[in-house]
Amino acid sequence: MAYFTRAISSFFALLCLLAIVTEARNLGHKTNKVGFVRTKGPHFVLDGSPFLFNGFNSYWLMHVAAEPNDRYKVSEVFQEASAAGLSVCRTWAFSDGGDTALQISPGVYDERVFQGLDFVISEARKYGIRLILSFVNNYKDFGGRDQYAQWARNAGIQSINNEDDFYSHPVLKDYYKNHVTKIVTRVNTMTGIAYRDDNTIMAWELMNEPRCNADYSGKTVNGWVQEMASFVKSLDKRHLLEIGMEGFYGDSMPEKKQFNPGYQVGTDFISSHLVKEIDFATIHAYTDQWLSGQSDDAQAAFMQKWMTSHWQDSRTILKKPLVLAEFGKSSKDPGYNQNARDTYMSFVYRNVYNFAKAGGTMGGSLIWQLVAQGMENFDDGYSIILAQNPSTTGLISGQSHAMTTLANLVNIPKFVRGHHPLGVGHHPLGIGHHRFG
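The following paragraphs examine the structure supplied in this document. Quick caveat, the model's predicted, so the values are computed rather than measured.

Examining the overall build of the chain
- The helix and strand tally for the chain stands at 14 helices and 13 strands.
- Here the chain holds 437 residues, and 61% of them are scored as buried.
- The long-range fraction of contacts in the chain, counting pairs at least 24 apart against all pairs at least 6 apart in sequence, stands at 75%.
- For the chain, the computed accessible surface area is about 16200 Å², with 52% contributed by carbon and sulfur atoms.

Considering the packing of helix H6 (residues 144-154) against helix H7 (residues 170-184)
- It is at 10 Å that the axes of H6 and H7 come closest, and there the two elements cross at 120°. Two packed elements cross with a definite hand, and for H6 against H7 that hand is right-handed. Residues Tyr148, Ala149, Trp151 and Ala152 of H6 lie in contact with H7, whose contacting residues are Val171, Leu172, Tyr175, Tyr176 and His179.
- A breakdown of the residues in the contact of H6 with H7 according to their chemical character gives 8 nonpolar, 1 polar and no charged.

Looking at the pairing of strand S12 (residues 322-327)
- The element S12 is largely enclosed, with a buried count of 6 among its 6 residues.
- Across 5 bridges, strand S11 (residues 281-285) lies against S12 in parallel orientation. Within S12, the position partnered with Ala285 by the bridge is Phe327.
- Across 4 bridges, S12 lies against strand S13 (residues 362-368) in parallel orientation. When the bridges of S13 are listed, Phe327 appears paired with Ile367.
- Crossover S12 to S13 through helix H12 (residues 338-357) is right-handed.

Observations concerning the side chain of Arg71
- Within the secondary structure, Arg71 is located in helix H4 (residues 71-83).
- Despite its burial, Arg71 pairs with no opposite charge, the nearest such side chain being Glu67 at 7.6 Å.
- Those residues in contact with Arg71, other than ones at most four positions away along the chain, are Ala65, Gln115, Gly116, Phe119 and Met190.

Focus on the nonpolar core
- Phe56, Trp60, Phe78, Tyr176, Trp204 and Met303 are the most contacted members of the largest nonpolar core, which totals 113 residues.
- Not counting residues up to four positions away in its chain, the partners in contact with Phe78 are Phe56, Leu61, Cys89, Val120, Glu123, Ala124, Tyr127, Ile129 and Leu131.
- Grouped together as the second largest cluster of nonpolar side chains are 14 residues, Phe44, Ala203, Leu240 and Ala325 included.

Some details on the packing of helix H11 (residues 296-318) against H12
- Between H11 and H12, the shortest axis-to-axis distance is 11 Å and the interhelical angle comes to 20°. Taken together, the axes of H11 and H12 are roughly parallel relative to one another. Along this stretch, H11 crosses H12, giving a crossing that reads as right-handed. Contacts between H11 and H12 involve Ala300, Met303, Gln304, Met307, Thr308 and Trp311 on the former and, on the latter, Tyr344, Phe347, Val348, Arg350, Asn351, Val352 and Phe355.
- Partitioned by chemical class, the residues of the contact of H11 with H12 number 9 nonpolar, 3 polar and 1 charged.

Some points on the pattern of salt bridges
- According to the stated counting rule, one finds 18 salt bridges in the structure shown.
- In this structure, Arg145 and Asp164 form a salt bridge, with 2.9 Å as the shortest nitrogen-oxygen distance. Note that Arg145 is positioned in helix H6 and Asp164 in the loop between H6 and H7, a separation of 19 residues in sequence.
- Residue class for Arg145 comes out buried when judged on its relative accessible area of 2%.
- Judged by relative accessible area, which is 9%, Asp164 ranks as buried.
- Put simply, Lys276 and Glu277 hold a salt bridge, and the shortest N to O gap is 2.8 Å.
- Residue class for Lys276 comes out exposed when judged on its relative accessible area of 69%.
- Each of the salt bridges in this network shares a partner with another, and the network as a whole consists of Arg90, Glu205 and Glu326.

Let's talk about the sheet that holds strand S1 (residues 38-40)
- Sheet architecture is open: 3 strands sit in the order S1-S2-S3, paired in antiparallel fashion. Every interior strand has two partners, whereas the edge strands, S1 and strand S3 (49-50), have only one.
- Where S1 and strand S2 (residues 43-46) come together, 3 bridges link them in antiparallel fashion. The partner of Lys40 across the bridge, within S2, is His43.

Here we look at H11
- When the terminal C-alpha atoms of H11 are compared, their 31 Å separation across 23 residues agrees well with the 33 Å that a helix rising 1.5 Å per residue should span.
- Every buried residue belonging to H11 is among Gln299, Ala300, Phe302, Met303, Trp306, Met307, Ser309, His310, Trp311, Asp313, Ser314 and Leu318, and all of these are buried.
- Immediately downstream of H11, the backbone of Lys319 shows phi near 55°, a positive value.

Considering H6
- Here H6 has its buried residues at Gly144, Arg145, Gln147, Tyr148, Ala149, Trp151 and Ala152.
- The elements touched by buried residues of H6 are strand S6 (103-105) and H7.
- Where H6 ends, the next residue or the one after it, Gly156, has phi of about 90°, a positive value.

The rules we used
- Residues numbered from 1 in each chain as written.
- Predicted model: local features only at pLDDT ≥ 70, side-chain atom pairs only at ≥ 80, totals over all residues.
- Heavy atoms only, no water.
- Helix = DSSP H or I, 4+ residues; strand = E, 2+ residues; numbered from the N terminus.
- Buried < 20%, exposed > 50% of the residue type's maximum accessible area, 1.4 Å probe, protein only.
- Contact = heavy atoms within 4.5 Å.
- Areas by Shrake-Rupley, 256 points an atom, 1.4 Å probe, with all protein chains shown as cover.
- Axes fitted to C-alpha atoms, helices over the stretch in contact; angles between N-to-C directions.
- Left-handed = near helix turned anticlockwise from the far one by under 90°.
- Nonpolar A, V, L, I, M, F, W, Y, C, P; charged D, E, K, R; others polar.
- Pairing = 2+ DSSP bridges.
- Right-handed = clockwise from strand over helix to strand, strands pointing away.
- Lys, Arg positive; Asp, Glu negative; His and termini not counted.
- Salt bridge = Lys/Arg side-chain N within 4 Å of Asp/Glu carboxyl O.
- Core = buried A, V, L, I, M, F, W, Y, C linked by side-chain atoms within 4.5 Å.
- Parallel < 35°, antiparallel > 145°, perpendicular 65-115°, else oblique.
- Expected span 1.5 Å × (residues − 1).

See the structure below:
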């Protein structure tokens, strides 16, 4: 572990100091940006200026906000995230069947839960945080594709074989389109603003981590992406749209499969992100799961290749921005300690920063995940409570400050020519000096 901890202590104090500075600056500037986040080639732009961000996932926000007495937890996380300079949050705009369902059955919604989502959006607006809202889950948690298939069976549809029919069966596709329409056209009861007119929302996401066991080539999911991306854009051309993919390569460029973590999930990072209605690419990374049992060194080496490959493809083939939309390190892993998590996060943040600096394309990253105090039942091992983790909070704040500073430097001629005043290849907080292997 010596190579992981080298130089950590030397910059943690600086990071924590920057957290205070960043908080003061954020409180003064967050509300200045009033437009929609857009893309220009491989870059995000906001109000005509480059937009680079540090962000987070909190999938549970609507679920918790459905109970008015628990809404303070949403406010707490947004307040702490804003103070740490985090400016983008990804969360669910779905809960299909089951406990605290938004969509009780096809086309039937619980207004109480919908008002929870209204609150989430209005509260994000208050704290200057942009939202990425996902329409449905690949997994059974909160319903997902399996619930859609079960609804069709309950309606007497005999031709439903399994959840993979979600991508091709007309009834299931109509269920999905109806839900998308319901979300996009919703008028927020707290702000009076229709979701599709609300610039608090940065982007829509077609699905959380789409997968298809019936077709590992990626073609089935790709066809669905083309159809649904076009449908979403027919309802809303103002917001950005992304797929929600993990980044697995498929049959369109088989030589790229060497970068996958040893298995297929039925998606194709290249072909699906080439769909013209998709505005930016995403990847997820859970090296502690994908390379379970392997050393931290091996996991870091995989992560380096995973991020580099997708950044290069996004820059040269897709010509669209890239977001590392999920990553983390689980406290449930054997031998876990907070220092190991902080070291891993600093390594990932260093890569994000350097890729963003080296010709753009990398727009930011979203850590999985932030929770409020007293939410132990939501702890999946990756949960971070900012108020209880000062070293991690300092690291996050430092990255937020670094990305914001970099965005402000993008238009400087020296930067365009590659002469960055902070030094090529080095994170301004010292993160770039970490070495793995």
